[in-house]
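Structural description and commentary
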Amino acid sequence: EEKPLKIANQRPLPQEIKSEVILATGGARGVTARCIVQLARQSPEKTFILIGRTPHPKHANSSDLNIAKAVDSERELRSQLAKNSIDLDFQLLKKRAKLAWAQMEVADTITTVTKIGARCVYLSMDLNDLDDISFKDQLSLLLDKESMVAEEITTVIHAAGVIDDQRIHDKTLARFHQVIKPKVD
């Protein structure tokens, strides 16, 4: 059983803010998603804006997404997709399975947070691709589609990252930059 998160130094919201809006980069999958779900359980009146690179699940291949929901691992998903797709090469199959698995994870997080009673909005955005437009401008454009404004955000959890497991002394400078860019750029 998961234990509730303990939040240190939690201050009451100013009166002009109706409810807390939490923006979480990298918040729809993995360990950050589990933290978001715990936060929603503790305070279901909150709104969560989750940002990630994964394309929104509403744009997923529904067949692949349904298979992903029915299996226990990305490897098993790859196997099922291979059975259903005769002329797919391995690299394309691997990429397709990875995408479907990621979209299924995002959909599960949105569903879980929403079932708890919190509002949950997922925005697909790669923080590494914001060279021509500022983060605030891009966020404002995406939030406009959800009838929200960036000024409503009361908390930011910056957990975006690139997973490239390797000991740091074995990494090339290019791979190090790729991993660190979402955190510091």
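Structural data are supplied above this passage.
Quick notes on a nonpolar patch on the surface
A contiguous nonpolar surface patch, about 320 Å² in accessible area, is contributed by Ile168, Leu173 and Phe176. Checked against the element boundaries, Ile168 lands in the loop between strand E4 (155-158) and helix H6 (173-184). Accessibility expressed as a relative area gives 61% for Ile168, which makes it exposed.

Remarks on helix H4 (residues 90-116)
When the terminal C-alpha atoms of H4 are compared, their 39 Å separation across 27 residues agrees well with the 39 Å that a helix rising 1.5 Å per residue should span. Burial in H4 covers these residues: Leu93, Ala97, Ala100, Trp101, Ala102, Gln103, Met104, Val106, Ala107, Thr109, Ile110 and Val113. Two to three positions downstream of the cap, the backbone nitrogen of Gln91 sits 3.1 Å from a side-chain oxygen, assigning the N-cap of H4 to Asp89.

Observations regarding the packing of helix H2 (residues 62-70) against H4
For the pair H2 and H4, the least separation of the axes is 9 Å and the interaxial angle reads 70°. In terms of axis orientation, H2 runs roughly perpendicular to H4. When H2 is examined against H4, the residues Asp64, Leu65, Ala68 and Lys69 are found in contact with a partner set consisting of Arg96, Ala100, Trp101, Gln103 and Met104. In terms of residue class, the contact of H2 with H4 is made up of five nonpolar, one polar and three charged.

Procedures and definitions
- Residues numbered from 1 in each chain as written.
- Predicted model: local features only at pLDDT ≥ 70, side-chain atom pairs only at ≥ 80, totals over all residues.
- Heavy atoms only, no water.
- Patch = residues over 30% accessible without salt bridge, like charges linked within 9 Å, V, L, I, M, F, W, Y side chains within 5 Å.
- Areas by Shrake-Rupley, 256 points an atom, 1.4 Å probe, with all protein chains shown as cover.
- Salt bridge = Lys/Arg side-chain N within 4 Å of Asp/Glu carboxyl O.
- Helix = DSSP H or I, 4+ residues; strand = E, 2+ residues; numbered from the N terminus.
- Buried < 20%, exposed > 50% of the residue type's maximum accessible area, 1.4 Å probe, protein only.
- Expected span 1.5 Å × (residues − 1).
- Polar contact = N/O pair within 3.5 Å; in protein donor to acceptor, adjacent residues only side chain to side chain.
- Axes fitted to C-alpha atoms, helices over the stretch in contact; angles between N-to-C directions.
- Parallel < 35°, antiparallel > 145°, perpendicular 65-115°, else oblique.
- Contact = heavy atoms within 4.5 Å.
- Nonpolar A, V, L, I, M, F, W, Y, C, P; charged D, E, K, R; others polar.

Everything listed here is a matter of coordinates, which is why it stays silent on function.
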